[in-house]
Amino acid sequence: MNHNELNGESFDVVVAGGGNAALCAAVTAARAGARVAILEAAPRHMRGGNSRHTRNIRTMHVAPTDVLVEAYAEDEYFDDLMRVTGGVTDERLARMVIAQSGAAVRWLGNQGLRFQPALGGTLSLARTNAHFLGGGKALVNVLYRAAEAAGVRVFYDAPVTGLDIDGSRFQAATVGGSGAAPARIEGRALVVAAGGFEANIDWLREYWGAAADNFLIRGTPYNRGEVLRLLLDADAARIGDPKQCHAVAIDGRAPKFDGGIVTRVDAVPFGIVVNRNAGRFYDEGEDFWPKRYAIWGRLVAAQPDQIGHVIIDAKPVGRFIPPVFPPVMADRIGELATRLGLDPIVLQETVSAFNRSCQPGEFDHNVLDDCRTEGLAPAKTHWARPIDTPPFRAYSLRPGITFTYLGVKVDATARMQMADGHPSDNIFAAGEIMAGNLLGKGYLAGIGMTIGAVFGRIAGREAAARARN
Amino acid sequence: MPATDVTPATSPSAPHERAEILAEAERQMNICNACRYCEGHCAVFPAMEMRLSFGAGDLAYLANLCHDCRACYQHCQYAPPHEFAVNLPRVLSEVRSLSYEDTAWPRAFGRLYRANGLAVGIITAIVLATFVTGAVVLADPAALWGVNRGVGSFYAVIPHNVMVVLFGAAFGLAMIALGVATVRFWRGMGAGVATSGENIGTGPCVAASARALHDAATLRYLDGGGDGCTYPGEAPSMARRWFHHLTAYGFLLCFAATCVATLYHYGLGIEAPYAVTSVPVVLGILGGIGLIVGPIGLLWLRHVADPVPADPGREGMDAAFIFLLLATSITGLALLALRETAAMGLLLTVHLGIVMGLFVTLPYGKFVHGFLRLAALARYAIEKKRGQAL
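Numbers given for residues are sequential positions, taken from 1 along each chain in its written order. Labels are handed out in written order, letters beginning with A for the chains and numbers beginning with 1 for the ligands. For a predicted model such as this one, the threshold for reporting local features is a pLDDT of at least 70, and the threshold for listing and counting side-chain atom pairs is 80 or more; totals across whole chains, interfaces and linings nevertheless cover every residue. Excluding hydrogens and water, the side-chain values take into account all heavy atoms of the structure.

Looking now at the domain arrangement of chain B. Residue and element names in this part refer to chain B. An automatic or database domain assignment supplies the start and end points of every domain. Parsing chain B into structural domains produces domain 1 (18-104) and domain 2 (107-381). Distance from the C-alpha centre of domain 1 to the C-alpha centre of domain 2: 27 Å. Between domain 1 and domain 2, the contact holds 36 residues from the first and 40 residues from the second. Two parts placed together each lose some accessible area; with a 1.4 Å probe, that loss summed over both constitutes the buried area. Both faces combined, the contact of domain 1 with domain 2 buries some 3,500 Å², and carbon together with sulfur accounts for 57% of it. Note on contacts: a residue pair qualifies if any of its non-hydrogen atoms lie within 4.5 Å across the two residues.

So this is what it looks like as structure tokens:
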């Protein structure tokens, strides 16, 4: 649908955004009787924001389900969140999201979403995360079908470029888009679920400086933070450290945007990681990869030129998910260094020093084994085996930004708070744009989708109720 | 660094040559193997996860495991126009066509797959023309053009012995060709993987065959992982599975009708035409109805299907086979309805001509898919027992 057709139209609930949170809100509001419009910035084939790239949702459950093993109790979930955030979370909102996570997942199932047991390579999540059959795009497709069936009008290529906010009261949104004249859409309530600003390199540069130019953006190029900026300019209460984000180390050859899951490199625990100067900088064997991969983005971001190189030998091939890009290969470490543009002598020395310090042990990549280094700084505390079996392989790493944590403050009814401490009259927020309320720092796999689904449903319900009054 | 190994080397819409098809399939498989989101959809992805590289044999195997349900395409975050342009249903269809061509017996006939719709159409037309000409020249005009009822009326048009020799020979040759193709495919697929070269043993082979037969007979992998294929569009649907069932079981019922009739003729000494309530005719009517509703449904689904995941190179092959099945059932039921009128002679000739066209093209067209898919499913059953994802 072309948004030009709706210039001057009025809806009960206007939803800015088109991912998981936006769709949960739109479907819920429409089922509550509201006339709803979704304004999705992306064209149809790119719809769904970062939800398109997700694969699971973290959910509490008291007993095994068809796709989840054992149980994952509310308190354990909460403890996990406290651990990764170091306590920088809104405890009340966090407990509410966790308590409602089971119902949200069941609701998604009722819309037609199917789940499957944990995927290969994600067995550590088999207890805590329900995996979408077919991945996040399947979820996006299911929810758009549900939205259309519920009478929601969906507009693609419809980025919100302006918000008419009178005090704390939303009046209308301006929609730009490819070549079309801006359209003004009035609404009795607004749900903002338009993601973070990770795809806006200029904005990232404000906090990261020139290093931001070397960041790769794993997800949608449409999360440019325009709606977030409009809200902050309209005196919404901000929350979250602008420098905090979910960042993993991904293959340096990945496209600038939208490379998604396949750009991951899971080889780190099997080798060493060196920087531009061919030196190591962190314990590659600190913990199981799924628990640690989310710290490596920031580690690499802190290195000169924001680049790292994983070096492995022939031994671990087949023990990690094959990366999509072929490795750089050579029969000698010096040769490998030359191909990577590193100093061959220094890399040779780094590898030799590492090899000399590896203690004998029983290698087992399924447990925290006793293969460790002795007298090396930084140490490698598990899975340390000499890199001595050619051909040697290398994968280059760059920081891959998944999403940013800067957002707007909300209460338990998803209502956006204003900087002066009062709640907004009719603006509600869900998803990435408010995830910083729960995620002060760190990340727990699959909790982004939980926040989006739980707050999306609350925002839809509350916005519909607000529109009626 | 440019992402040269991940983005496609050729235009996705251009027709592809053999080397390009295999390189493109390998490229896409490497992307899928790094993603794995689709692993619950069908057997292709668990089989893929047991491999780190994708040679021609692996690709032939995976391509024939693929039922073209298109769930992986509709759920792919890398589907075109994404620069990774992952479109597995299309490229695996192209690889499947190559595997048909490579395993054809005699080998020279593999060429028939390059423009298969045309080839099947021309062969059927020639066979049909030969039957009609033969009947006009050789048959007693009274039998061919008159109203004839009762025992032996069919055989007055075309003698029973002629039918038996012609159709027996055609069917026998088709079965030999299909058998050779299946053996060639079995040997060729999966060359170079960890499980190849080992002696599988009889027990696992029988169990795997039973599993494969079950999975093929139920079209297990046309269920998209539970709710049906994303075919013809994005929403899951069981329509294709049901229309395929009607087609396949309709075909089998018609085949059973022929077998029972043969038994009647030689075993019980009862000659055609048989009563409408007789076992062969009831089987034929039921099968014929399935073989009308099924193919029409499949053609309709093809007509409305999302064109992007479809392989344009396969349209002729698929359509020719579906039309041939449809022509078989329509002429067969028409013959039954009009067998006591003056149209019987010509209808019988046309029906038999079309059935002969179907028989001689069986090993050189779409029909082959069932045999190679069974072999691929059997291999998958074996791999699943012993294998492990990498």
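Let us look at helix α11 (residues 239-268) of chain B. All names here are of chain B. Only runs of H or I of at least four residues qualify as helices and only runs of E of at least two qualify as strands under DSSP, and these elements are numbered from the N terminus. Every helix has an expected span of 1.5 Å times one less than the residues it contains. For α11, built from 30 residues, the straight-helix expectation of 44 Å at 1.5 Å per residue is met to within 8% by its first-to-last C-alpha distance of 41 Å. When we look at burial in α11, the residues that qualify are R240, R241, F243, H245, T247, G250, F251, A257, V260, A261, Y264 and H265. Where the residues of α11 are buried, they touch α8 (153-157), α9 (160-188), α10 (202-217), α12 (279-304), α13 (315-337) and α14 (344-361). Burial classes follow relative accessibility: with a 1.4 Å probe on protein chains only, a residue under 20% of its type's maximum area counts as buried, one over 50% as exposed, and anything between as partly exposed.

This part takes up the packing of aromatic side chains. Only the six-membered ring of Trp is used, alongside the rings of Phe and Tyr, when aromatic pairs are assigned; centres must lie within 6.5 Å, and planes under 30 degrees apart are stacked while those over 60 apart are edge-to-face, with the rest tilted. Inspection of the entire model under this criterion finds 25 aromatic pairs over all chains. Arranged with centres 5.8 Å apart and planes meeting at 45°, the rings of Y144 of chain A and Y156 of chain A form a pair that is tilted. One end of the pair, Y144 of chain A, is in helix α4 (residues 136-149); the other, Y156 of chain A, is in the loop between β6 (153-155) and β7 (160-166), and twelve residues separate them in sequence. The exposure class of Y144 of chain A is buried, given its relative accessible area of 1%. Here the aromatic cluster, defined as three or more aromatic residues joined through ring pairs, consists of F131, F167, F171, F255 and F359 of chain B. Either the NZ atom of lysine or the CZ atom of arginine qualifies as a charge over a ring when it sits within 6 Å of the ring centre and within 35 degrees of the ring normal. The ring of F78 of chain A has R95 of chain A lying over it, and the distance from NZ or CZ to the ring centre is 3.9 Å. The ring of Y61 of chain B carries R379 of chain B above its face, with NZ or CZ at 5.7 Å from the centroid.

The way it works is a 1 Å grid over only the protein atoms, where trapped points that fit a 1.4 Å probe form a cavity and open points with protein on both sides within 12 Å along at least five of seven lines form a pocket, and then any residue with an atom within 4 Å of a point lines it. Grid points are joined across faces, edges and corners, and a volume is the space filled by probe spheres set on the points. Taken as a whole, this structure holds five cavities of 30 Å³ or more when the rule is applied. Top element by residues in the lining of the largest cavity is α4 of chain A. It accounts for four residues. Grouping the constituent residues of the lining of the largest cavity by class yields six nonpolar, seven polar and four charged. Considered as a void within the structure, the second largest cavity measures approximately 130 Å³ in volume. C32, C35, C38, C76 and V86 of chain B are, among the 16 residues lining the second largest cavity, the residues nearest its centre. Within the residue set of the lining of the second largest cavity, elements represented by two or more residues are α1 (18-35), α4 (71-74) and α5 (88-103) of chain B. It is α1 of chain B that provides the largest number of residues to the lining of the second largest cavity, a total of three residues. A class-by-class count of the residues in the lining of the second largest cavity yields 13 nonpolar, two polar and one charged. Amino acid classes used here: Ala, Val, Leu, Ile, Met, Phe, Trp, Tyr, Cys and Pro are nonpolar; Asp, Glu, Lys and Arg are charged; the rest, including Gly, are polar.

On to the pattern of salt bridges, then. A side-chain nitrogen of Lys or Arg and a carboxyl oxygen of Asp or Glu constitute a salt bridge if their distance falls within 4 Å. For the structure on display, the rule yields 48 salt bridges over all chains. Of the charged contacts in the structure, one is a salt bridge between R95 of chain A and D75 of chain A, with a shortest N-O distance of 3.3 Å. You can see R95 of chain A sitting in helix α3 (residues 91-110) and its partner D75 of chain A sitting in helix α2 (residues 74-85), a full 20 residues away along the chain. On the basis of relative accessible area, D75 of chain A is assigned to the partly exposed category, the value being 47%. Each of R44, R47 and R145 of chain A together with E234 of chain B takes part in a single network of salt bridges with overlapping partners.

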